[in-house]
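Structure assessment
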Amino acid sequence: MVRLEREGNSFVFITGKTQAVQDINILLIALSELQSNTPDASKIKEGLLFIENSNECDIRNEIKNLLRKALESEGL
C-alpha cells in the first residue's frame, strides 16, 4: 500500500505492508475438508476464522458471484 503525504512544500510516498485479503476460497477449502476421510483441522479452523471475521452479507455476495460465474462459464 502506498499513500501520499505532504511534508513542507513537497509530497512524499509512504509505503507499508498490506494485509493479505482473505477470500471465499478459505471457506470452500474448509468445507471440502469436512468430506475428507482425515480432515485437516488447521484448514477447518481457518474456515471458522474466516466466517468470524467476515460480514455475513459479504460471504453471501461472494458465494452468489461464484455461482453466477460458474453458470456463465458453462453457458447455462
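See the structure printed just above.
Quick summary incoming for the structure in this document. (Residues numbered from 1 in each chain as written. Predicted model: local features only at pLDDT ≥ 70, side-chain atom pairs only at ≥ 80, totals over all residues. Heavy atoms only, no water.)

**Examining the overall build of the chain**
In plain terms, the rule: Strands here are runs of E lasting at least two residues and helices are runs of H or I lasting at least four, both read from the DSSP assignment and numbered beginning at the N terminus. Think of it in three bands: with a 1.4 Å probe and only protein chains considered, a residue is buried below 20% of the maximum accessible area for its type, exposed above 50%, and partly exposed in between. The criterion used for residue contact is that any of the two residues' heavy atoms lie within 4.5 Å. We get accessible surface area from the Shrake-Rupley algorithm with a probe of 1.4 Å; when it comes to residues, only the shown protein chains can shield them.
Counting its regular elements, the chain contains three helices and two strands. When the helices and strands of the chain are placed in sequence order, the string is β-β-α-α-α. Within the span of the chain, comprising 76 residues, buried residues form 9% of the whole. Long-range contacts, defined as pairs at least 24 residues apart, comprise 27% of the intrachain contacts of the chain with a sequence gap of at least 6. Only carbon and sulfur atoms are counted for the fraction: they give 54% of the accessible area of the chain, which is about 6,700 Å².

**Topic: the packing of helix α1 (residues 24–33) against helix α3 (residues 56–74)**
Under the convention used in this document: All axes are obtained by fitting lines to C-alpha atoms, using only the stretch in contact for helices, and the reported angles, taken between N-to-C directions, cover 0 to 180 degrees. Just so you know how the angles are binned, under 35 degrees is roughly parallel, over 145 roughly antiparallel, 65 to 115 roughly perpendicular, and the rest oblique. Three categories are distinguished: nonpolar for Ala, Val, Leu, Ile, Met, Phe, Trp, Tyr, Cys and Pro, charged for Asp, Glu, Lys and Arg, and polar for the others, with Gly belonging to the last.
The geometry of α1 relative to α3 is characterised by a closest axis approach of 10 Å and an angle of 80° between their N-to-C directions. Judged on the interaxial angle alone, α3 and α1 are roughly perpendicular. Note on element contacts: α3 touches α1 through Ile59, Glu62, Ile63 and Leu66, opposite Ile24, Leu27 and Leu28. For the contact of α1 with α3, the residue count by class is six nonpolar, no polar and one charged.

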